[in-house]
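Given next are the chains, with one letter for each unit.
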Amino acid sequence: MNKINKRDTFKSKIGTIAVLAGGCVGLGNIWRFPYIAGENGGAAFILIYLAVSLCISIPALLSELALGRNQRCNAFRVFRKIKDKHPWKNSGILGIITGFLIFSFYCIIGGWALKYFELAIMNDFSGKSTAELSESLNNFIQGGIEPYLYGIVITTFTTIIVGIGVVKGIERLNKILMPLLIFLLLILVINSIFFLPNSREGLLFILKPDFSAVTWNTIFQAIGQSFFSLSLGMGAQVIYGSYISEKDNLIKTAVSVSLIDMSIAILCGLAIFPAVFSFNIEPTAGPTLLFLTLPNIFTQMTGGYIFAILFFALVVFATVTSTVSLFEVSVSYVMEEFQIRRRTACLWVFFALLLLSFLVAESQTKDSSLVFFGKSLFDWFDQITSNFMLPLGGIITVIFAGWIAPKTLLKDELTNKSTLTTNTKYFSVIQIMIKYVSPFFLILLFLELIGLL
Ligand code: TRP
């Protein structure tokens, strides 16, 4: 009992920011943000994204961090501890399930990245035509067992880090990998901007403001992307919040994390799109961009061998810091609800995920029986979590923090009991965001996603 009640806290401010940013920076930054920005007005989109982050997602992030730090428990228990008679008291379970489902396919994609890192080292892309690259990608994914095995490597690594603990495992990993990730990214950006022919066009794709491309849909895209990118709506930030020191300034932390996350997303765009345009290739997003378009470009680029290795190392780092965060959500739940040790909980979650991710990988094989209504289990999990469970979880959390939890909770946490004067001055504005603006737009987004708007 004692060892379970004693709660770790992150050791340094830098460590805290690295951990939170590590949980946020992931595939969303690499394969989604740059493309959405390019298609939706470039710098105009980036401005909207900034506004949306300030008014909608940072308030949601602050709600999660505040709930977590105030109660210092897992994301399921938080609601019950605050209001154990409220009809929503069990709603935290939604986040735990969401995190578990996301992990089951995120680790498989992490496995693809690992495989491609290996292929890059083996110089396997070189001399292959687009058709050959595409064929080997399809064979790999549809083979089922190989992506699964690589996924297991990612899951095992994640289990070990989380098993080591909050400070020595999670904080230390992020303190090493995040600076490394930024360093790799800067090398790639410099190469793309300064050493590739015709990089201007790619820069214009992401940076040129085009307000005529902005529609209502752009705003929804910005909200959805910023929400996913900051890993909101499933308790991941609640659990990280529960490890943040009492002395830290939550508002400063949240704003820094959001700025880092956004800057990394923009830098990914500056690394990727000048290269895409430089070789006259159509811009794409998602798996095709990472595993087809880019290998194809690396085969043609001077120094492509090295840049491919650096790039896929970056993708692996970005996924691993995210799987650690996802894993911790389930582990803290199992640990506290079943009153078992961290390492035992890690093993439980590990085995459960081995099973689920097997099904997910299997669902992508040719003639798999795990295809329902024309979509594989993989696609179902991806779509149900991002389009339904995450926004719903987000709505529940902001409404809970703004309206249901005791009034003093947010104020105490965001101003450190009124000791931070600047925060106290702005508190009422932030409170309006959390109580009205953020839930309003999240509900609109939710209605749009489920097709009611
Ligand atoms: N933010 C991650 C990305 O941009 C994805 C993600 C969503 C996530 N929810 C999460 C990662 C929870 C860790 C924990 O790719």
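Residues numbered from 1 in each chain as written. Predicted model: local features only at pLDDT ≥ 70, side-chain atom pairs only at ≥ 80, totals over all residues. Heavy atoms only, no water.

(A) Molecular detail of the overall build of the chain. A tally of helices and strands in the chain yields 19 helices and two strands. If you line up the chain on its principal axes, its C-alpha atoms span 65 × 50 × 45 Å. For the chain, the residues scored as buried account for 59% of the 453 residues in total. Split by element, the accessible area of the chain, about 18,600 Å² in all, is 65% carbon and sulfur. Once the 33 positive and 26 negative side-chain charges of the chain are each reduced to a mean point, those two points are 15 Å apart. (Helix = DSSP H or I, 4+ residues; strand = E, 2+ residues; numbered from the N terminus. Buried < 20%, exposed > 50% of the residue type's maximum accessible area, 1.4 Å probe, protein only. Areas by Shrake-Rupley, 256 points an atom, 1.4 Å probe, with all protein chains shown as cover. Lys, Arg positive; Asp, Glu negative; His and termini not counted. Charge placed at Lys NZ, Arg CZ, Asp CG, Glu CD.)

(B) Summary view of the pattern of salt bridges. Tallied over the full model, the rule gives eight salt bridges. When the shortest N-O distance is used, the salt bridge between Arg72 and Glu246 registers 3.6 Å. Within this pair, whereas Arg72 is found in the loop between helix 4 (43-71) and helix 5 (77-82), its partner Glu246 is found in the loop between helix 12 (236-241) and helix 13 (250-278), the two being separated by 174 residues in sequence. The residue Asp124 makes a salt bridge to Lys128 at a minimum N-O spacing of 2.9 Å. Judged by its relative accessible area of 24%, Lys128 falls in the partly exposed class. (Salt bridge = Lys/Arg side-chain N within 4 Å of Asp/Glu carboxyl O.)

(C) Quick peek at unusual backbone geometry. The phi torsion at Arg72 lies on the positive side, around 45°, for a residue other than glycine. With phi around 60°, Asn280 is a residue other than glycine that occupies positive phi space. For Asn280, a relative accessible area of 72% translates into the label exposed.

(D) View of a nonpolar patch on the surface. Where nonpolar side chains cluster on the molecular surface, the patch consists of Leu47, Leu50, Phe211, Val255 and Leu259 and spans about 440 Å² of accessible area. Only helix 4 and helix 13 provide two or more residues apiece to the nonpolar patch. Inspection of the secondary structure puts Leu47 in helix 4. For Leu47, a relative accessible area of 51% corresponds to the exposed category. (Patch = residues over 30% accessible without salt bridge, like charges linked within 9 Å, V, L, I, M, F, W, Y side chains within 5 Å.)

(E) Fine view of the site of the ligand. The local shell around the ligand holds 15 residues, among which Cys24, Gly28, Tyr106, Phe228 and Ser231 are the closest. One of the backbone nitrogen or oxygen atoms of Gly28 is found 2.9 Å away from an oxygen atom of the ligand. Here the ligand has 360 Å² of accessible area as a free molecule, and 100% of this is covered by the chains. Among the secondary structure elements, those contributing two or more residues to the shell around the ligand are helix 2 (13-24), helix 3 (27-39), helix 11 (216-229) and helix 15 (304-337). A breakdown of the residues in the shell around the ligand according to their chemical character gives seven nonpolar, eight polar and no charged. (Near = heavy atom within 4 Å. Polar contact = N/O pair within 3.5 Å; in protein donor to acceptor, adjacent residues only side chain to side chain. Nonpolar A, V, L, I, M, F, W, Y, C, P; charged D, E, K, R; others polar.)

(F) Main features of the packing of aromatic side chains. The tally for this structure, following the rule as stated, stands at 31 aromatic pairs. Look at Phe76 and Tyr333: their rings are 5.6 Å apart centre to centre, the planes differ by 90°, and that puts the pair in the edge-to-face class. With Phe76 in the loop between helix 4 and helix 5 and Tyr333 in helix 15, the pair connects residues that are 257 residues apart, well separated along the chain. Given a relative accessible area of 17%, Tyr333 falls into the buried group. Pairing Tyr148 with Phe358 gives two aromatic rings, centres 5.1 Å apart and planes at 75°, and the pair type is edge-to-face. In this pair, Tyr148 is assigned in helix 8 (residues 145-164) and Phe358 in helix 16 (residues 342-362), connecting sequence segments 210 residues apart. Its relative accessible area of 10% is what places Tyr148 among the buried residues. When its relative accessible area of 35% is taken as the criterion, Phe358 is described as partly exposed. Note that Lys375 overlies the ring of Trp380, its terminal NZ or CZ placed 4.9 Å from the centroid. Above the ring of Trp403, the side-chain terminus of Lys435 is found at 4.5 Å from the ring centroid. (Phe/Tyr/Trp six-rings, centres within 6.5 Å; stacked < 30°, edge-to-face > 60°. Lys NZ or Arg CZ within 6 Å of the ring centre and 35° of its normal.)

(G) Main features of the side chain of Ser63. Its place among the elements puts Ser63 in helix 4. Owing to a relative accessible area of 0%, Ser63 belongs among the buried residues under this scheme. At 2.8 Å, the side chain of Ser63 forms a polar contact with the backbone oxygen of Pro59. Here Ser63 is in contact with Val398, Ala401 and Ile434, once residues within four sequence places are set aside. (Contact = heavy atoms within 4.5 Å.)

(H) Broad picture of the nonpolar core. Counting residues in hydrophobic clusters, the biggest one holds 164 residues, and the most contacted among them are Ile30, Leu290, Phe291, Phe311, Phe312, Phe327 and Leu414. The greatest single-element share of this core, amounting to 21 residues, is contributed by helix 15. Excluding residues that lie within four positions of it along the chain, Phe311 makes contacts with Ile30, Leu188, Ile272, Leu290, Leu294 and Phe298. (Core = buried A, V, L, I, M, F, W, Y, C linked by side-chain atoms within 4.5 Å.)

(I) Structural context of the environment of Ile109. Looking at the element boundaries, Ile109 is found in helix 6 (residues 92-121). A relative accessible area of 5% places Ile109 in the buried class. Residues Ile109 and Pro287 lie 178 residues apart in sequence; the distance between their C-alpha atoms is 8.6 Å. Ignoring anything within four residues of it in the chain, the contact list for Ile109 reads Leu27, Trp31, Phe291 and Phe378.

(J) Structural context of the packing of helix 6 against helix 16. At their nearest, the axes of helix 6 and helix 16 sit 9 Å apart, and the two run at 65° to each other. With respect to the hand of their crossing, helix 6 and helix 16 are arranged in right-handed fashion. The residues of helix 16 that touch helix 6, namely those facing Phe100, Leu101, Phe103, Ser104, Phe105, Cys107 and Ile108, are Val349, Ala352, Leu353, Leu356, Ser357, Val360 and Ala361. Its residues assigned to classes, the contact of helix 6 with helix 16 shows twelve nonpolar, two polar and no charged. (Axes fitted to C-alpha atoms, helices over the stretch in contact; angles between N-to-C directions. Left-handed = near helix turned anticlockwise from the far one by under 90°.)

(K) Region of the structure containing helix 13. Taking 1.5 Å of rise per residue, the 29 residues of helix 13 would be expected to cover 42 Å, and the 42 Å separating its terminal C-alpha atoms lies within 8% of that figure. The element helix 13 is largely enclosed, with a buried count of 22 among its 29 residues. For helix 13, the side-chain oxygen to backbone nitrogen distance between the N-cap and Ile251 is 3.2 Å, and the N-cap itself is Asn249. At the C-terminal side of helix 13, Asn280 shows a positive phi close to 60°. (Expected span 1.5 Å × (residues − 1).)

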